[in-house]
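# Breakdown of the fold
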Amino acid sequence: MESFRQHRLDQIDLRILDLLQREGTLPVAEVAGRTGLSTTTCWRRIQQLEQSGVIRGRVALLDRAALGLEVTIFAHIKLSTQGRDAIAAFATAIRERPEVLDCYTTMGEWDFMLRIVTPDIKSYESFYLDHLSKLPNVQSINSSVTVTAVSYTHLTLPTTIPSCGCGGGGEA
């Protein structure tokens, strides 16, 4: 599979990606019309973006509040011991928790950052006490409860992306 670094994106690719991020269910004909491409050429470009891994998948964005998941928490986790085994043990355990939407390893004071959603603060407290604090090697947890989501979901693409010189792009 061709990686992002190996797939040189041009302005049309960037426009296609922007449209699909904002309106993922647009028919190819509509994307083609908005980018000035033929439907076939647009379809080929989208296929190439998928095959190269630039487009990893298409998903529906759910309204957390409509699902009763009103609270978003960012939790920073410090492990009691570092090393590949400790990181792997924590990562394996945290993947099992449906409350955790995202989990990142970090450098600096904390080892992990989690984005967690729960129905309310009481539910987070239960998750914290019954699960999160009991995961392997957890030394400390710093939780920040969000108030408002100012920006959410799509990646704002630059007008150009540095080229890797690997070809690509043209009116395939």
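Here goes a summary of the coordinates provided. Along each chain, numbering runs from 1 in the same order as the chain's sequence is written. Where totals are concerned, whole chains, interfaces and linings use all residues; where local detail is concerned, this predicted model gives features only for residues with pLDDT of at least 70, and gives and counts side-chain atom pairs only at 80 or more. Water and hydrogen atoms play no part in the side-chain values, which are based on all heavy atoms of the structure.

Once that is clear, we can look at the nonpolar core. Only buried Ala, Val, Leu, Ile, Met, Phe, Trp, Tyr and Cys residues count toward a nonpolar core, and they belong to the same one when joined by side-chain atoms within 4.5 Å. Using a 1.4 Å probe on the protein chains alone, a residue whose accessible area is under 20% of its type maximum counts as buried, one over 50% counts as exposed, and one in between counts as partly exposed. Within the largest apolar cluster, 19 residues are counted, with the highest numbers of intra-cluster contacts made by A75, I77, F90, L114, I116, Y124 and L132. In this text, helices come from DSSP runs of H or I with a minimum length of four residues, and strands from runs of E with a minimum of two, each type numbered from the N-terminal end. For this core, the secondary-structure elements that each account for two or more residues are β1 (71-79), α4 (84-94), β3 (112-118), α5 (121-130) and β4 (138-145). Ranked by size, the runner-up nonpolar core spans 14 residues in total, among them L9, I16, L26 and I46.

Let's shift gears to the side chain of R45. Within the secondary structure, R45 sits in helix α3 (residues 39-51). On the accessibility criterion, R45 (1% relative accessible area) is buried. In the analysis that follows, any N or O atom pair within 3.5 Å is treated as a polar contact, provided that within protein one partner can donate a hydrogen and the other can accept it, and provided that, for residues neighboring in sequence, both atoms belong to side chains. Polar side-chain contacts of R45 include one of 3.0 Å to the side chain of D10. One polar contact links R45 to D13, side chain to side chain, over a distance of 2.8 Å.

Two aromatic rings from Phe, Tyr or Trp, using only the six-membered ring of Trp, form a pair when their centres are within 6.5 Å; if the ring planes differ by under 30 degrees the pair is stacked, by over 60 it is edge-to-face, and anything between is tilted. Summed over all chains, the structure comprises three aromatic pairs. Aromatic side chains F90 and F112 sit 4.4 Å apart centroid to centroid with 40° between the ring planes, which places their arrangement in the tilted category. Taken as a pair, F90 in helix α4 and F112 in strand β3 lie far apart in primary sequence, 22 residues in all. Given the relative accessible area of 0%, F90 is considered buried. Centroid distance Y124 to F127: 6.3 Å. Interplanar angle 45°. Geometry classified as tilted. In this pair, Y124 and F127 both sit in helix α5, three residues apart, roughly one turn of the helix. Members of the aromatic cluster, joined through ring pairs, are Y124, F127 and Y128.

Even without a glycine there, the phi angle at N137 is positive, about 65°. Note that N137 resides in the loop between α5 and β4.

Note on definitions: salt bridges are taken to be side-chain nitrogens of Lys or Arg within 4 Å of carboxyl oxygens of Asp or Glu. In the structure shown here, the tally under the stated rule is 10 salt bridges. A salt bridge links E30 to R34; the shortest N-O distance between them is 2.8 Å. One end of the pair, E30, and the other, R34, are both in helix α2 (residues 28-35), four residues apart, so they sit about a helical turn from each other. A salt bridge links K122 to E125; the nearest nitrogen and oxygen atoms lie 3.1 Å apart. With K122 and E125 both in helix α5 and three residues apart, the pair spans about one turn of that helix. One connected set of salt bridges, linked through shared partners, spans D10, D13 and R45.

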